Amino acid sequence: MTIFVHIINILIFINYIKMKQICGLFVASLAVLASCAKQEPLVIAPCQIWPDNNGVHVNAHGGGVLLHDGTYYWFGENKCDTTSSAMVGVDCYSSQDLVHWTNEGVALAVSDDPESDITRGCILERPKVIYNEKTGKFVMWFHLELKGRGYEAARAGVAVADNPTGPYTFIRSGRVNPGILPMDLDNEEAKARLAEIDYYTYDESKNPQAEEWWTPEWRADVDAGIIAERDLEGGQMARDMTLFVDQDGKAYHIYSAEENLTLNIAELSDDYLSHTGKYIRMAPGGHNEAPAVFFKDGTYWMITSGCTGWAPNAARMFSAPSIMGPWTQYDNPCRGENADITFGGQSTFILPYGDNFIFMADIWRPKHPSDARYLWLPIQFDENGVPFLEFMEKWDLNTFKAVTE
């Protein structure tokens, strides 16, 4: 009888412990729910002044964001009040929540050496930084124009650092993949077609008889690769650009080439510091710049802009089953008022955020470059999974929905 009583007591005690655990879990769950209910909104206000920790408007234009070890790093062009030339270099800001940013200073400084490619007064645009898991290095690529030569140089520059905030050490600049044809032109049929039109230079000072731009004949020649062949020896032009790291760790440099008429997608080496020679031409003659790329559910998406200088235009969008194509063009992804000018902005980067994506763009102010604003919007998807953008005066990162007051 005594043993039986002990067994009953033990069972009662075990049941008590289990009930206590269940109650504890229930209370904890309620606490989590209460915490969520009280969660402060993380509000992004496109087009407005975006103060950093010092109360100064973030100065990181044409940039991109890197997430590393739980911290976001925003890199971009430091713009001065009166010129878009690079007088300072590339700035870096850090954040834990994408709303509140700490100025980490200059990540890549321009040089005081007049012989340097990145001497003060050069044009240094659209810096992007990626982290190389194999080398443990942070790699920055950017569009570079040599001082005093306008947009003639059309180079890509690369720099490297041991820490995300830098300082970054400039390595070199140059055109891309000299002496190597893109994959879509490296075949007998394409070469034969090029041989028929190789007398063109598309430079009136050298060849006054060259056909005018934008004629049907000229468009056909561009599509056939005449400008890519023109630039073969010295390398392809590289202007507006972005970087993209794929699921397998391979990185790609995506940039405007062929007088901004064609985009190139070029594979980077394993250390991300050079090109492998493997690249394709995308949308030949389409006149695209400002590429921004993301990957979702087996599809690669790219949003670009047209080429209208500092003035905004209608965005373009493409998709592909592989980063190397084939790419299919869609209509303008923007909807609503001012969709035809991308709400006043120009794409620069697309940032993954959990299962969501943030479209980053710049609203340029060429008469007051440092006052350029940032257009960040949540990417939405229709019933067919196609991305689209709608303007929101304010939206919450917690919900990816507009904030109404």
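Before reading on, note that the structure itself is shown above.
For the structure given in this document, a descriptive report is provided here. (Residues numbered from 1 in each chain as written. Predicted model: local features only at pLDDT ≥ 70, side-chain atom pairs only at ≥ 80, totals over all residues. Heavy atoms only, no water.)

### Remarks on the sheet that holds strand 21 (residues 373-378)
So the rule is basically this: Whether two strands pair depends on DSSP finding at least two bridges between them. To qualify as a helix, a DSSP run of H or I must reach at least 4 residues; to qualify as a strand, a run of E must reach at least 2; elements of each kind are numbered from the N terminus. For helices, the axis comes from a line fit to the C-alpha atoms of the stretch in contact; other axes are also lines fit to C-alpha atoms, and the angle between any two N-to-C directions lies between 0 and 180 degrees.
Sheet architecture is open: 3 strands sit in the order 19-20-21, paired in antiparallel fashion. In the strand order of this sheet, the two ends are held by strand 19 (346-353) and strand 21, each with one partner. In this sheet, adjacent strand axes meet at a mean angle of 25° when their direction is disregarded. Relative to strand 20 (residues 356-363), strand 19 runs antiparallel, the two sharing 7 bridges. Pairing of L351 across the sheet is with I358, part of strand 20.

### Examining the layout of surface pockets
The gaps of empty space that remain are located by a probe, the size of a water molecule, rolled over the atoms. Selection criterion: The method works on a 1 Å grid over the protein atoms by themselves. A cavity is a set of points holding a 1.4 Å probe that cannot get out, a pocket is an open set with protein on both sides within 12 Å along at least five of seven lines, and residues with an atom within 4 Å of a point line them. Grid points are joined across faces, edges and corners, and a volume is the space filled by probe spheres set on the points. Gly is put with the polar residues, along with every residue not named as nonpolar or charged; the nonpolar set is Ala, Val, Leu, Ile, Met, Phe, Trp, Tyr, Cys and Pro, and the charged set is Asp, Glu, Lys and Arg.
By volume, the largest pocket amounts to about 850 Å³. Every residue lining the largest pocket is counted, 34 residues in all, and those nearest its centre are L66, I130, F244, V245 and D246. Of all the elements in the fold, those that place two or more residues in the lining of the largest pocket are strand 2 (61-68), strand 6 (123-132), strand 10 (241-245), strand 14 (289-296) and strand 19. Considered class by class, the residues forming the lining of the largest pocket number 21 nonpolar, 7 polar and 6 charged. Estimated volume of the second largest pocket: approximately 290 Å³. Lining the second largest pocket are 15 residues; nearest its centre among them are E125, Y151, D240, E289 and G309. Class assignment for the residues of the lining of the second largest pocket results in 4 nonpolar, 4 polar and 7 charged.

### Quick word on the nonpolar core
The line we're drawing: In these notes, a set of buried Ala, Val, Leu, Ile, Met, Phe, Trp, Tyr and Cys residues joined through side-chain atoms within 4.5 Å is what counts as a nonpolar core. Whether a residue is buried, partly exposed or exposed follows from its accessible area with a 1.4 Å probe, protein chains only, as a fraction of its type maximum: under 20%, in between, or over 50%, in that order. In what follows, residue pairs with any heavy atoms lying within 4.5 Å of each other are defined as contacts.
Ranked by size, the top nonpolar core spans 43 residues in total, and within it W74, L98, W101, I358, W376, W395 and L397 carry the most contacts. For this core, the secondary structure elements donating two or more residues are strand 3 (71-77), strand 14, strand 15 (299-305), strand 19, strand 20 and strand 21. Among the elements that take part in this core, strand 20 stands out by supplying 6 residues, more than any other. Those residues within four positions of L98 in sequence are excluded, and the remaining contacts are I44, W50, V65, Y72, L351, Y353, I358, W376 and L397. Judged by nonpolar contacts, the second largest core, of 22 residues, contains L66, C122, L124 and F138.

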